[in-house]
Amino acid sequence: PARSTAFKKLTESDLRHFKSILPAETILATPELGGTADPIELEGFNADWLNKYRGDSQLVLRPKTTKEVSEILKYCNDQGIAVVPQGGNTGLVGGSVPVHDEVVLSLRNMNKIRSYDELSGILVCDAGCVLEELGNYVGERDHIMPLDLGAKGSCHIGGNVATNAGGIRFLRYGTLHGSVLGLEVVLPDGTILDNMSTLRKDNTGYDLKQLFIGSEGSLGIITGVSIATPQKPSSVNVAVLGVPSYENVQQAFKLARRRCGEILSAYEFWDASCMGAVLKHHELKNPLSSDFPFYVLIETSGSNKDHDDEKLGALLEELMEEGIVEDGALAQDEAQISRMWSMREGIPESLGKTGATYKYDVSIPIPVLYDV
């Protein structure tokens, strides 16, 4: 699209203003604006993860505090300067990169854990905290994050909330609309909205945080997150199954929920082309003895290993006897669990290496997925 004339083009005076409110090391500006940064330094902020979308920002601001974010947005709002908020920049649909020459407001310097209540499992942190690092932090305290993504090593919790990311724990813990207890948000005019509740039950007025979950920065920039973290399961099992048809994938899902409902924590599927790409680019070995049109990964998580093993074993036996599944492999240790999950999590990167790929983040009713 053409650049809107409603937005001001940056000048050296704008850069001088930002230097007056931010430390010098948090600003990347090209010589075009009077800065000293090599344009190559801005490449990672101007291009998306798949290098499909690319902008031309000449200025990246990396504030360290909510107050700095507020001052940036107030000035940009008053001056008519376009801004694109950016977290870990791991999105696959170009939402976190400039379209033209917008100011990139990166949250990566806002990466502090503010508090953690080990009794309730409630975590309060900056929006720029990396998901995997948060997972490690709460993991040491026998809890887990309620979402997990293949991009967890780079994505930010603020970006996860802003996009209402689902992830591979969605089946057990649902959307972030339920897990997020409070948010700190800076509105476009610089107003700081402090809605950082740490209460699971809070009936005091409007639940404003819900407006910002999934808003992708269009209503304001999330700077702080309060989120409930579930207890870490003591027993985890993972199996990969070979399935002959999409109809059978659905039948297996229905039976898995019926037989393992209270311990079923993940149910993921992918097709043969995805499996071929991920095995090739990640140099992995198919855990099954032959190839199948579809593959299913089932994970159970609970607190009683004998109980969980018995339920999953009975499910796998029934799936095989009914002909719903034709082959399967059950992980025997954590290393095998990790390898099985790497097949699912490595699909986006593998497809990106295969060639040009259309990426859509859409929700479709299960029965009609292959009719679209």
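Conventions adopted
Residues numbered from 1 in each chain as written. Predicted model: local features only at pLDDT ≥ 70, side-chain atom pairs only at ≥ 80, totals over all residues. Heavy atoms only, no water. Helix = DSSP H or I, 4+ residues; strand = E, 2+ residues; numbered from the N terminus. Rg over C-alpha atoms; globule rule 2.2 N^0.38 Å. Buried < 20%, exposed > 50% of the residue type's maximum accessible area, 1.4 Å probe, protein only. Contact = heavy atoms within 4.5 Å. Areas by Shrake-Rupley, 256 points an atom, 1.4 Å probe, with all protein chains shown as cover. Salt bridge = Lys/Arg side-chain N within 4 Å of Asp/Glu carboxyl O. Pairing = 2+ DSSP bridges. Axes fitted to C-alpha atoms, helices over the stretch in contact; angles between N-to-C directions. Expected span 1.5 Å × (residues − 1). Core = buried A, V, L, I, M, F, W, Y, C linked by side-chain atoms within 4.5 Å. Polar contact = N/O pair within 3.5 Å; in protein donor to acceptor, adjacent residues only side chain to side chain.

(A) A look at the overall build of the protein. Each helix and strand counted, the protein has 13 helices and 13 strands in total. Whereas a compact globule of 372 residues would reach a radius of gyration of roughly 21 Å, the protein reaches 23 Å, a difference of no more than 12%. Counting only C-alpha atoms and orienting by the principal axes, one finds that the protein spans roughly 75 × 50 × 35 Å. In the protein, which comprises 372 residues, the share counted as buried stands at 47%. Within the protein, residue pairs in contact and separated by at least 24 positions form 71% of the contacts whose partners lie at least 6 positions apart. About 18,500 Å² of surface is accessible on the protein, with carbon and sulfur atoms providing 51% of the total.

(B) Focus on the pattern of salt bridges. Under the criterion given, the structure shown has 20 salt bridges. Two residues, R141 and E140, come together in a salt bridge whose shortest N-O distance is 3.5 Å. For E140, a relative accessible area of 64% puts it in the exposed group. One continuous salt-bridge network, built from bridges that share partners, spans D148, K152, R169 and E345.

(C) How the structure looks around the sheet that holds strand β5 (residues 113-117). The sheet built from 5 strands is open, its strands ordered β5-β6-β9-β7-β8 with antiparallel pairing. Two strands close off the open sheet at either side, each with one partner strand: β5 and β8 (192-195). Going across the sheet, the axis of each strand differs from the next one's by a mean of 10 degrees, ignoring polarity. Summarising the sheet, β5 and strand β6 (residues 122-126) pair through 4 bridges and their orientation is antiparallel. Directly across from Y116, in β6, lies its bridge partner L123. Lying over the sheet, helix α3 (residues 66-79) contacts β5, β7 (180-186), β8 and β9 (221-228), oriented at roughly 50 degrees with respect to β7.

(D) Layout of the pairing of strand β11 (residues 264-271). Counting buried residues along β11, 6 of its 8 residues qualify, which places the element largely inside the surrounding structure. Across 7 bridges, β11 lies against strand β12 (residues 294-302) in antiparallel orientation. Within β12, the residue paired with Y267 across the bridge is I298.

(E) Spotlight on helix α9 (residues 246-260). Taking 1.5 Å per residue as the helical rise, α9 with its 15 residues ought to reach 21 Å, and the 21 Å between its terminal C-alpha atoms agrees with that figure. Every buried residue of α9 is listed here: Y246, N248, V249, Q250, A252, F253, L255, A256 and C260.

(F) Here's a closer look at the sheet that holds strand β1 (residues 27-29). One open sheet accounts for 4 strands, arranged β1-β2-β4-β3; its pairing is mixed. Of all strands in the sheet, those bounded by a partner on one side alone are β1 and β3 (83-86). Neighbour-to-neighbour, the strand axes of this sheet turn through a mean angle of 20 degrees, independent of strand direction. The sheet contact formed by β3 and strand β4 (residues 103-106) spans 4 bridges and is parallel. Paired with V84 across the two strands is V104, which belongs to β4. Across the sheet, helix α1 (residues 12-21) is in contact with β1 and β2 (59-61); its angle to β1 comes to roughly 165 degrees. Against the sheet, α3 engages β2, β3 and β4, with an angle of about 160 degrees to β4.

(G) Here's a closer look at the nonpolar core. Grouped together as the largest cluster of nonpolar side chains are 25 residues, with contacts concentrated most on I157, V161 and L183. Within the residue set of this core, elements represented by two or more residues are β6, α4 (131-139), α5 (157-162), β7 and β9. Setting aside anything within four residues of it in sequence, one finds L183 in contact with V161, L193, D194, N195, M196, K209, F212, I213, I222, G224 and V225.

(H) Spatial organisation of the side chain of Q58. With respect to the helices and strands, Q58 occurs in the loop between α2 (43-46) and β2. Residue Q58 is classed as buried on the basis of its relative accessible area, which comes to 11%. Of note is the side chain of Q58, whose polar atom sits 2.7 Å from the side chain of T30. At 3.1 Å, the side chain of Q58 and the side chain of D56 are in polar contact. When residues no more than four places from it in sequence are discounted, the contact partners of Q58 are L28, A29, T30, E32, L33 and L42.

(I) Structural detail: the pairing of β4. Side chains V103 and L105 project from β4 onto one buried face, and the interleaved V104 and S106 project onto a second face that is buried too. Direction of pairing for β2 relative to β4: parallel, over a ladder of 2 bridges. By the bridge assignment, L61 is partnered in β4 with L105.

Limitation: the analysis is restricted to geometry and does not speak to function.
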